[in-house]
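# Reading the structure
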2 protein chains.
Amino acid sequence: MTVTLADIEAARRAIAGHVVRTPMLPAPKLSALTGASVRVKYENMQVTNSFKERGALNKLAALGAAERARGVIAMSAGNHAQAVAYHAARLGIPATIVMPVTTPFVKIEATQAYGAEVVLEGESLTEAQARAEASARERGLTFVHPYDDPLVVAGQGTIALEMLEEAPELDMLVIPIGGGGLIAGNAVAARAKKPTIEIIGAEAALYPSFWNALNGEHRPVGGPTLAEGIAVKNVGVLTLPIVRALVSEIVLVDEAHLERAVNAYLTLQKTMAEGAGAAGLAAMLAKPERFRGRKVGLILCGGNIDPRILASIMVRELERENRIVSFRLTIPDRPGVLGVIATRFGQLGANILEVEHSRLFLDVPAKGVTIDVTVETRDAAHADEIARALAADGYRPQRIDAGAAME
Amino acid sequence: MTVTLADIEAARRAIAGHVVRTPMLPAPKLSALTGASVRVKYENMQVTNSFKERGALNKLAALGAAERARGVIAMSAGNHAQAVAYHAARLGIPATIVMPVTTPFVKIEATQAYGAEVVLEGESLTEAQARAEASARERGLTFVHPYDDPLVVAGQGTIALEMLEEAPELDMLVIPIGGGGLIAGNAVAARAKKPTIEIIGAEAALYPSFWNALNGEHRPVGGPTLAEGIAVKNVGVLTLPIVRALVSEIVLVDEAHLERAVNAYLTLQKTMAEGAGAAGLAAMLAKPERFRGRKVGLILCGGNIDPRILASIMVRELERENRIVSFRLTIPDRPGVLGVIATRFGQLGANILEVEHSRLFLDVPAKGVTIDVTVETRDAAHADEIARALAADGYRPQRIDAGAAME
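Predicted model, so just to flag it, every value in this text is computed and none were measured. (Residues numbered from 1 in each chain as written. Chains lettered and ligands numbered in written order. Predicted model: local features only at pLDDT ≥ 70, side-chain atom pairs only at ≥ 80, totals over all residues. Heavy atoms only, no water.)

### A closer look at the pattern of salt bridges
Our working definition: Criterion for a salt bridge: a side-chain nitrogen of Lys or Arg within 4 Å of a carboxyl oxygen of Asp or Glu. Helix and strand assignments follow DSSP, with helices taken as H or I runs no shorter than four residues and strands as E runs no shorter than two, numbered in order from the N terminus. Exposure categories follow from relative accessible area, calculated using a 1.4 Å probe and restricted to protein chains: below 20% of the type maximum is buried, above 50% is exposed, and the middle band is partly exposed.
Here the structure, examined in full by the defined rule, presents 50 salt bridges over all chains. Between Glu165 of chain B and Arg21 of chain B there is a salt bridge whose closest N-O contact spans 3.2 Å. With Glu165 of chain B in helix α9 (residues 158-166) and Arg21 of chain B in the loop between α1 (5-15) and β1 (24-26), this pair connects stretches of sequence that are 144 residues apart. A residue is classified by how much of its surface remains accessible, and Arg21 of chain B, at 38% relative accessible area, is partly exposed. Here the residues in one salt-bridge network are Asp171, Glu198, Glu249, Lys287, Arg290 and Arg294 of chain A, joined through shared partners.

What follows is the structure, encoded as structure tokens:
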């Protein structure tokens, strides 16, 4: 192997005290959900809220005085950017981060806040990458690769050392896989410490780069995913052989499972996982028979998710559970009718969230009106009970919400 | 004192291994936000997601065989219910939980899921409490009080022992205060271990029970609060003298600060705090000069918040930051105009979330229409830039969102 247990143990000494030894806790609710015995390693509790600090710091700490003085450069619009910026600033190393011109302002700002210079170059990650590498050569800067560097891979591998110290009984680690740095480092560490442990990779179904490489397939790679942290089009040159040697299976996770996993972390574990951070749990939800009864360690590798997306995931889940439902009712268009209906919903124990009137539908009599009432219910049975009561009252209720559409 | 350090150390031995030794971590982002040096104790990572397990288990563990066989009863619609239910089930003790008839189904279900019998009795918490105490007498059950019991108070106090072991440099603990069990136990433990440490209570401004008792005031108590876990109308008989002796100040927190604190935990710390759980941080936001420069330990005491409320807090915060803004535009009512406007928003870099038409406003010409367009922006400056561009285009934009209302 190009990265050895000794490298990872050296990394551990190099970063000790400067990254958080994150908590690992049993997760009885996720265990009940999956039928496995689940422990979660909370890498989202690092200062910049992802595991990327371990690899970045291990790389920075290895630089000589002259390299430090010249500075470092990295390409990333996400967690790697913040990790490099934060630790470079802490060590007094000038840092330049190249991001594609399309990067959302909030990510630029988060990285600048750690004191890095952000340069917007290139339309895509690939282009930005090329620019960053060119800049590194021209300006004599050290390039900090997000995964294809033995020091970075060794840094990430320190997670498994901590996990197996605290829970030597684990017989499986499920690890998100993008460029492969996280899984490669942890596969080396875990298999060296406990040769019988199984390593499973969780890869976004829209970005099956390792799946294709390992299985000789050519599934299409691309598209908008909730797991943008592992949306990587090319496998790592350094990481691929390690993954091939030590990882027993790649599980592809689709967007629905990623969304469910993010929601499960939030509502059951009270913690915020980004899509990529929840990919391991998503794999367990996607293929439960593969994990049932096993002692599984999950690396919740990052928590940087856009609050608006998280809010929308939570509301969609409530709709799926029929705790938020919408009814379309046809009612006579005269004073007082809405009052009667609103009162009726109240009697049925439904809390009205939104009312929308429409007079434009042609299937409604000219003197009638259609209203869409969105209510909060206790559960699916309660939603059905309300529908029956409204039908008995003659309102001809139609369900028009997500929960109904899925039935 | 009716509860001593020795009681708390005994509690620690009694509950060791059966409750989570929760992580405590430095919170650099909350430190930057408040100007203090903040550490957070994550009691929301207990299995039932609140500190209540410590007191409940300490009480249950102290019962004799005959008492265990007869069973226990508690009154709570919240975290105490789940804590008693979970540990009673684990110990094989029959548990009855009395809840008011108005309790949301999801809370009933969560408690039943731990194997407790849930009985709905009484219109209010006070009534339910009376019924539970009566049942306890009639049926010979042991009543597990949520705070007014020395064993419960001693159990809660184990948190401060863990905090001061890991961070002996703390010079202040900020602790949510409802019935006073959490703050009383931890004040005893912390002041015994470190007599110079200051203890501050964070009480909901709508429920200033301790504030009134300590300051001889009669502020009104009641109303809907985000911090329902500390919405307690009467101070504890056991806890009041301890609080009077050991707590240096009560800070009242209003709903806006509670909401900001919940949001800060979520977006900065990637963790879910319920309103009561975030009250300590809310106190720091409410009275920053009291905490600036100090080494502050916060107890994030619970994470059980309704997902819909959390989603709405997140979206409201985005509105406040002008990252979600709504414009009302007056446009001619003819084909193609919406297309032109939508394209214009796109050019300006604003992502359209919602469009609403209205033809009913009388201040709009008969051939005109008003549309409300809600968009996502990069930040407040971007929102202003969009407003200026729309004005220059002649659309007479009016801001109708929360952010604008606050200016």
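### Points about the interface of chain A and chain B
Short version of the rule: Note on definitions: a residue-residue contact is assigned when non-hydrogen atoms from the two residues lie within 4.5 Å. The term buried area means the drop in 1.4 Å probe accessible area that two parts suffer when joined, counted for both and summed. Counting of polar contacts relies on pairs of N or O atoms within 3.5 Å, with two restrictions inside protein: one atom must be capable of donating a hydrogen and the other of accepting it, and residues adjacent in sequence are counted only when both atoms are side-chain atoms.
Taken together, the contacts link 38 residues of chain A with 38 residues of chain B. With both sides pooled, the region where chain A packs onto chain B buries about 3100 Å², and carbon together with sulfur makes up 67% of that total. Looking at the side of chain A facing chain B, the largest losses of area belong to Met45, Lys270 and Arg308 of chain A, adding up to 21% of the total buried there. Linking chain A with chain B are four salt bridges. When the shortest N-O distance is used, the salt bridge between Glu376 of chain A and Arg308 of chain B registers 2.8 Å. At the junction of chain A with chain B, the criterion picks out 12 residue pairs in polar contact (both at pLDDT 80 or more).

### Some remarks on the relation of the copies chain A and chain B
Between the two copies of this chain, the relationship is a rotation about some axis together with a displacement along it. We apply this condition: When the copies are superposed, the least-squares fit draws on C-alpha atoms of residues that have pLDDT of at least 70 in both.
With an RMSD of 0.1 Å, chain A superimposes on chain B once it is rotated by 180° and translated 0.1 Å along the axis. In the structure described here, the two chain copies are related by an operation that fits a two-fold rotation axis. Interface overlap between copies: 100% of the residues of chain A at the interface are likewise at the interface in chain B, consistent with a symmetric, same-surface contact.

### A look at the sheet that holds strand β6 (residues 142-143) of chain A
All names here are of chain A. What counts here: The pairing criterion for strands is at least two bridges between them, as found by DSSP. Axes here mean lines fitted to C-alpha atoms, for a helix over just the part in contact, with angles spanning 0 to 180 degrees between N-to-C directions.
Spatially, four strands are ordered β5-β4-β3-β6 in an open sheet, and the strand pairing comes out parallel. The two strands at the open ends of the sheet, each matched to only one other strand, are β5 (117-120) and β6. Taken together, the four bridges between strand β3 (residues 72-75) and strand β4 (residues 95-99) define a ladder with parallel strand orientation. Note on β4: the bridge partner recorded for Val72 is Ala95. Packed on one face of the sheet, helix α7 (residues 125-139) meets β3, β4, β5 and β6 and runs near 170° to β3.

### Some points on the nonpolar core
Formally: Among the buried residues, those of types Ala, Val, Leu, Ile, Met, Phe, Trp, Tyr and Cys that are joined through side-chain atoms within 4.5 Å form a nonpolar core.
By size, the foremost hydrophobic cluster in this structure holds 92 residues, and its most contacted members are Tyr265 of chain A together with Val40, Tyr265 and Leu298 of chain B. In contact with Tyr265 of chain B, not counting residues within four places along its chain, are Leu30, Val40, Lys270, Thr271, Ala273, Gly277, Ala278, Leu281, Leu298 and Leu300 of chain B.

### Comments concerning the environment of Ala81 of chain B
All names here are of chain B. By secondary structure assignment, the location of Ala81 is in helix α5 (residues 79-91). Each C-alpha atom of the pair Ala81 and Ile305 lies 15 Å from the other, and the pair is 224 residues apart in sequence. Leave out the neighbours within four places in its chain, and Ala81 touches Ser76, Ile97, Met99 and Thr111.

### Side note on the sheet that holds strand β2 (residues 37-42) of chain B
All names here are of chain B. With mixed pairing, the six strands of this open sheet are ordered in space as β1-β2-β10-β7-β8-β9. Strand pairing shows two members of the sheet lacking a second neighbour, β1 and β9 (249-253), which therefore form its edges. Adjacent strand axes in the sheet meet at a mean angle of 25°, parallel and antiparallel pairs treated alike. Running over the sheet, α9 touches β1, β2, β7 (172-176) and β10 (295-300) and is turned about 140° from β10.

### Regarding the environment of Glu228 of chain A
Residue and element names in this part refer to chain A. Here Glu228 lies in the loop between α11 (209-215) and α12 (239-246). Owing to a relative accessible area of 40%, Glu228 belongs among the partly exposed residues under this scheme. Through-space distance from the C-alpha of Glu228 to that of Ala204 is 9.0 Å; in sequence the pair is 24 residues apart. Ignoring anything within four residues of it in the chain, the contact list for Glu228 reads Lys107 and Asn304.

### Focus: the packing of aromatic side chains
Residues and elements named next belong to chain B. Selection criterion: Note on ring pairs: Phe, Tyr and Trp rings are taken, using the six-membered ring of Trp, and paired if centres are within 6.5 Å. Classes follow the plane angle, with under 30 degrees stacked, over 60 edge-to-face and the rest tilted.
Within the structure shown, the criterion is met by four aromatic pairs over all chains. An angle of 40° between the planes, with centres 6.2 Å apart, marks the rings of Phe327 and Phe345 as tilted. With Phe327 in strand β11 (residues 324-332) and Phe345 in helix α16 (residues 337-347), this residue pair connects regions lying 18 residues apart in the sequence. Across this residue pair, the class does not change: Phe327 and Phe345 are buried.

### Thoughts on helix α16 (residues 337-347) of chain A
All names here are of chain A. The test is simple: This arc corresponds to the set of directions leading from the helix axis out to the C-beta atoms.
When α16 is considered as a whole, its buried residues turn out to be Val337, Ile341 and Phe345. Viewed end-on, α16 has its buried residues packed into an arc of 75°, placing them on one side of the element. Buried residues along α16 sit in contact with β11 (324-332), β12 (351-358), β13 (368-376) and α17 (380-392). One or two positions beyond α16, positive phi appears at Gly349, with a value near 80°.

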